[in-house]
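# Residue-level structural notes
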Amino acid sequence: VYVTVGGDIWWGKEEAWLQCIDPSGEGDITKTGLVWSYPVEKHCCATPSVYDGKVFVADSGGFVHCVNAADGKPWWRHEVGGEVWASTLVADGKVYVPTRRRNLAVFAAEKEEKLLTTIQLDSAMNGSATAANGVLYITTMRKLYAASVGGR
């Protein structure tokens with residue numbers, strides 16, 4: 001199953017969504033393979049993260065969404081206080097969401113909404129966080145940060 005985001009007009013569109021599509025069909029499966037669709041606030045510049053039956057995606061309206069991967073029903077939605085152009089990252093049981101307002105929001109990767117912390121960095125973040133070998137890498141418009149995760 002493939003999860004994607006889309007909308008009617010690319011920039012500044014009024015309708016946007018997170019969709020789950022079954023890729024086993026042939027030809028244009030945009031509609032025939034549609035499993036579920038979940039509306040998001042504004043356009044998305046990112047790909048969703050799928051983890052343990054949950055899908056996490058952030059939109060440019062400044063909201064992070066957690067939906068059930070099986071049926072697209074929402075579990076929670078949280079306003080992070082700034083546009084999000086980056087993809088969410090799930091690592092070490094946490095969801096990392098960088099914003100254009102300099103905040104890195106960190107949530108528990110759970111069905112229940114739980115904001116663990118918000119960290120303010122030096123400048124806007126347009127890129128997604130990356131994790132490798134127990135280290136979380138975060139790029140801002142000015143710097144590259146590295147922080148150990150998972151008790152290392």
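All of the points below concern the structure found in this document. Quick caveat, the model's predicted, so the values are computed rather than measured.

Right, let's talk about the sheet that holds strand β4 (residues 49–51) for a bit. The strand order across the open sheet built from 4 strands is β4-β5-β6-β7, with neighbouring strands paired in antiparallel fashion. Edge positions in the open sheet fall to β4 and β7 (74–79), since each of these has one partner strand only. The sheet shows a mean angle of 15° between the axes of neighbouring strands, direction not considered. Where strand β6 (residues 63–68) lies against β7, 5 bridges are found, and the strand directions are antiparallel. From the neighbouring strand, V67 faces β7, where its bridge partner is P74.

Read across the open sheet, the 4 strands follow the order β8-β9-β10-β11; overall the sheet is antiparallel. Only two strands of the sheet have a single partner each, and these edge strands are β8 (89–91) and β11 (115–120). Sheet twist, expressed as the mean angle between neighbouring strand axes with direction ignored, is 20°. Across 5 bridges, strand β9 (residues 94–98) lies against strand β10 (residues 103–108) in antiparallel orientation. Paired with K94 across the two strands is A108, which belongs to β10.

Reading guide: rules and limits
- Residues numbered from 1 in each chain as written.
- Predicted model: local features only at pLDDT ≥ 70, side-chain atom pairs only at ≥ 80, totals over all residues.
- Heavy atoms only, no water.
- Pairing = 2+ DSSP bridges.
- Helix = DSSP H or I, 4+ residues; strand = E, 2+ residues; numbered from the N terminus.
- Axes fitted to C-alpha atoms, helices over the stretch in contact; angles between N-to-C directions.

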